[in-house]
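Spelled out from the first residue to the last, the chains are:
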Amino acid sequence: SSAGSQPPPVVARLHTWAQQRQVRLRDSAAKSAQERDAALPEPKPAVSKGSLKLVARMRGRQGNIAEQLLAEAQRRRAALADLEQAEADRCRAARPLISDKARALVRDGAVGDRLYEYADLYRRRKEALAERIEEEERPELWRMSGRRPLSAG
């Protein structure tokens, strides 16, 4: 009955050989990984440009750096707020202010009607001026009309 529970000697030897091979392969892989890691240069941490600037600003300072950085940030925020306020004041000062006289002025009629009348008045004046210039360019007309040219005074 014990012969039935034990594997044949050939199978036991193959099983032992397979286990030993696994151990050798594992040890060989670990050894090659150690050799590979030893051949690589020592890793250096990457330092960003921002970190380098921060270190340069901190040189020569003593005390709690966190408090110094906080105070510097608060100063920058205050300076920015001052600049924003100055810009707002400049923009506010650039707006035209309506005078008291203009505020109190009351005119009859609609704005559109008044603007149309002004445009018509200016158009008529422009036409009259154009006629006068045309007459001035033709001396026989202004001699007959009795008018003097504009350039004559």
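The rules behind these values
- Counting restarts for each chain, with residues numbered from 1 along the sequence as it is written.
- Only residues with pLDDT of 70 or above have their local features reported here, since the model is predicted, and side-chain atom pairs are shown and tallied only from 80 upward, although totals for entire chains, interfaces and linings are computed over all residues.
- Note that water and hydrogens are dropped before the side-chain values are worked out from all heavy atoms of the structure.
- Here a strand is any run of E in DSSP of at least two residues, a helix any run of H or I of at least four, and the numbering for each starts at the N terminus.
- Areas reported here follow the Shrake-Rupley algorithm with a probe of radius 1.4 Å; residue values treat only the protein chains shown as occluding.
- pLDDT gives the predictor's per-residue confidence on a scale running from 0 to 100.
- Contacts are residue-level and defined by heavy atoms, with any inter-residue pair within 4.5 Å sufficient.
- By salt bridge we mean one thing: a side-chain nitrogen of Lys or Arg within 4 Å of a carboxyl oxygen of Asp or Glu.
- Relative accessibility decides the category of a residue: with a 1.4 Å probe and only protein chains considered, values under 20% of the type maximum give buried, values over 50% give exposed, and everything between is partly exposed.
- Put simply, a patch holds well-exposed residues, over 30% relative accessible area, that have no salt bridge, with like charges counted together within 9 Å and Val, Leu, Ile, Met, Phe, Trp or Tyr side chains within 5 Å.

Draft legend 1. A look at the overall build of the chain. Looking only at helices and strands, one finds 7 helices and 0 strands in the chain. Put simply, the chain runs from its N terminus to its C terminus through helices and strands in the order α-α-α-α-α-α-α. Accessible area for the chain stands at about 14300 Å²; split by element, carbon and sulfur atoms hold 57% of it.

Draft legend 2. Molecular detail of the confidence of the model for the chain. For the chain, per-residue confidence averages 82 on the pLDDT scale, and residues scoring 70 or more make up 85% of the total. Across the chain, element-level confidence peaks in helix 6 (residues 111–137) with a mean pLDDT of 90 and bottoms out in helix 1 (residues 2–5) with 60.

Draft legend 3. Quick peek at the side chain of Arg 114. Relative to the helices and strands, Arg 114 resides in helix 6. Among residues more than four places away in sequence, those in contact with Arg 114 are Arg 107, Asp 108 and Gly 109.

Draft legend 4. Summary view of the pattern of salt bridges. Applying the stated criterion to the full structure yields 5 salt bridges. Among the salt bridges present, the one from Glu 87 reaches Arg 90, with a minimum N-O distance of 2.7 Å. Of this pair, Glu 87 and Arg 90 both sit in helix 4 (residues 65–94), 3 residues apart, roughly one helical turn. With a relative accessible area of 39%, Glu 87 lands in the partly exposed category. In this structure, Asp 120 and Arg 124 form a salt bridge, with 3.5 Å as the shortest nitrogen-oxygen distance. With Asp 120 and Arg 124 both in helix 6, this residue pair falls 4 residues apart, about one helical turn. Here Asp 120 falls in the partly exposed class, since its relative accessible area comes to 23%.

Draft legend 5. Highlighting a nonpolar patch on the surface. A surface patch of nonpolar side chains, about 430 Å² in accessible area, is lined by Val 111, Leu 115, Tyr 118 and Tyr 122. Relative to the helices and strands, Val 111 is located in helix 6.

Draft legend 6. The side chain of Glu 72, seen in detail. As for its placement among the helices and strands, Glu 72 is situated in helix 4. Ignoring anything within four residues of it in the chain, the contact list for Glu 72 reads Arg 57 and Arg 61.

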